[in-house]
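Chain by chain, the residues:
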Amino acid sequence: MSEYRKTTVGELYFVTLTVAGWVDVFTRKDYKDILVENLKYCQEKEGLEIFAYVIMTNHMHLIARRQEGDLTELLGRFKSYTAKKIITAIEANPEESRKEWLLYLFNHFAKTNTQYSKYHFWNYTNYPVLLCTNAVIDQKVEYIHQNPVRAGIVTEPEYYTYSSACADSPLVVSEL
């Protein structure tokens, strides 16, 4: 594994998970809920501590750490599992108007990488950035919370449900 993608146990990281081709999959609540459900599982069963997050239309940011176990390895398993769940949800959704197009794109992305058999959903790297000062942590939290505002989805960070800035967020985060 490249040094660029390695994480250290117990350290705090800003990570970004991006959909292959930056395809806007998470415009549907059902698909975002799959991510939330599996992040909750990772919190409860895998020791993932999440301090801030946002799920955008084609990517997700987290400030997270693991006190025991490798964060990069866990995120790899998370991405593998959620990719399968989301692809299955797309295939099974009779109201998904973009079904053919989405499956075509994810199949196309799989053809360029022999690691994937039929579909390639998530990009490979998580872009982990070690957060080593309070100023950097504060900057990344602000970046995460302002993401939906900058995208024009909401006017204030606390209005976006799939973010730790929202009091009604479906995912509970830890205090920094």
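Residues numbered from 1 in each chain as written. Predicted model: local features only at pLDDT ≥ 70, side-chain atom pairs only at ≥ 80, totals over all residues. Heavy atoms only, no water.

A. Summary view of the packing of helix 2 (residues 71-92) against helix 3 (residues 99-111). At a minimum axis separation of 9 Å, helix 2 and helix 3 run at an interaxial angle of 145 degrees. The handedness of the crossing between helix 2 and helix 3 is left-handed. Contacts from Ile87, Ile90 and Glu91 in helix 2 reach Lys99, Leu102, Leu103 and Phe106 in helix 3. Residue classes in the contact of helix 2 with helix 3 are distributed as five nonpolar, no polar and two charged. (Axes fitted to C-alpha atoms, helices over the stretch in contact; angles between N-to-C directions. Helix = DSSP H or I, 4+ residues; strand = E, 2+ residues; numbered from the N terminus. Left-handed = near helix turned anticlockwise from the far one by under 90°. Contact = heavy atoms within 4.5 Å. Nonpolar A, V, L, I, M, F, W, Y, C, P; charged D, E, K, R; others polar.)

B. Spotlight on the pairing of strand 3 (residues 59-66). The buried fraction of strand 3 amounts to seven of the eight residues, a majority that puts the element mostly inside the structure. Sheet analysis places strand 1 (residues 13-18) next to strand 3, joined by six bridges and oriented antiparallel. Bridged to Tyr13 within strand 3 is Ala64. Direction of pairing for strand 2 (residues 48-55) relative to strand 3: antiparallel, over a ladder of seven bridges. Residue Val54 lies in a different strand from strand 3, and its bridge partner there is His61. Where strand 2 folds back on strand 3, the antiparallel hairpin that results is connected by three residues. (Buried < 20%, exposed > 50% of the residue type's maximum accessible area, 1.4 Å probe, protein only. Pairing = 2+ DSSP bridges.)

C. View of helix 1 (residues 29-45). In a regular helix each residue adds 1.5 Å, so 17 residues correspond to 24 Å; helix 1 covers 24 Å between its end C-alpha atoms and thus fits that length. Listed as buried for helix 1 are Tyr31, Lys32, Ile34, Leu35, Val36, Asn38, Leu39 and Cys42. Buried-residue contacts for helix 1 involve strand 2, strand 3 and helix 2. Directly after helix 1, the chain includes Gly47, whose backbone phi takes a positive value near 75 degrees. (Expected span 1.5 Å × (residues − 1).)

D. Quick look at the side chain of Glu46. When you line up the elements, Glu46 lands in the loop between helix 1 and strand 2. Of the residues examined, Glu46 reaches a relative accessible area of 18% and is grouped as buried.

E. Inspection of the packing of helix 1 against helix 2 at higher detail. Packing of helix 1 against helix 2 leaves a shortest axis separation of 10 Å and a crossing angle of 150 degrees. Remark: the crossing between helix 1 and helix 2 carries right-handed chirality. Two secondary-structure elements touch here, helix 1 through Tyr31, Ile34, Leu35, Asn38, Leu39 and Cys42 and helix 2 through Leu74, Phe78, Tyr81, Thr82, Lys85, Ile86, Ala89 and Ile90. Across the contact of helix 1 with helix 2, the residue classes break down as eleven nonpolar, two polar and one charged.

F. Inspection of the pattern of salt bridges at higher detail. Tallying each qualifying case throughout the model produces eight salt bridges. For the salt bridge of Arg77 with Glu73, the shortest nitrogen-to-oxygen distance reads 2.5 Å. One end of the pair is Arg77 and the other is Glu73, both in helix 2 and four residues apart, which spans about a single turn. Residue classification places Glu73 among the partly exposed residues on the basis of a relative accessible area of 37%. Three or more residues joined by partner-sharing salt bridges are found here, namely Glu46, Arg66, Glu73 and Arg77. (Salt bridge = Lys/Arg side-chain N within 4 Å of Asp/Glu carboxyl O.)

G. Local environment of helix 2. Along its 22 residues, helix 2 runs 31 Å from first to last C-alpha, staying within 8% of the 32 Å computed at 1.5 Å per residue. Here helix 2 has its buried residues at Leu71, Thr72, Leu74, Leu75, Phe78, Lys79, Thr82, Ala83, Ile86, Ile87 and Ile90. As for helix 2, its buried residues are in contact with strand 1, helix 1, strand 2, strand 3 and helix 3. A side-chain oxygen of the first residue of helix 2 lies 2.8 Å from the backbone nitrogen of Glu73; this N-cap is Asp70. (Polar contact = N/O pair within 3.5 Å; in protein donor to acceptor, adjacent residues only side chain to side chain.)

H. View of the sheet that holds strand 2. Within the open sheet, the four strands sit side by side as 2-3-1-4. Their pairing is antiparallel. Each end of this open sheet is capped by a strand with a single partner; those strands are strand 2 and strand 4 (129-130). Relative to the sheet, helix 2 contacts strand 1, strand 2 and strand 3, its axis offset from that of strand 3 by approximately 140 degrees. Here helix 4 (residues 134-150) sits on the sheet and contacts strand 1, strand 2 and strand 3; the angle it forms with strand 3, its principal contact strand, is near 150 degrees.

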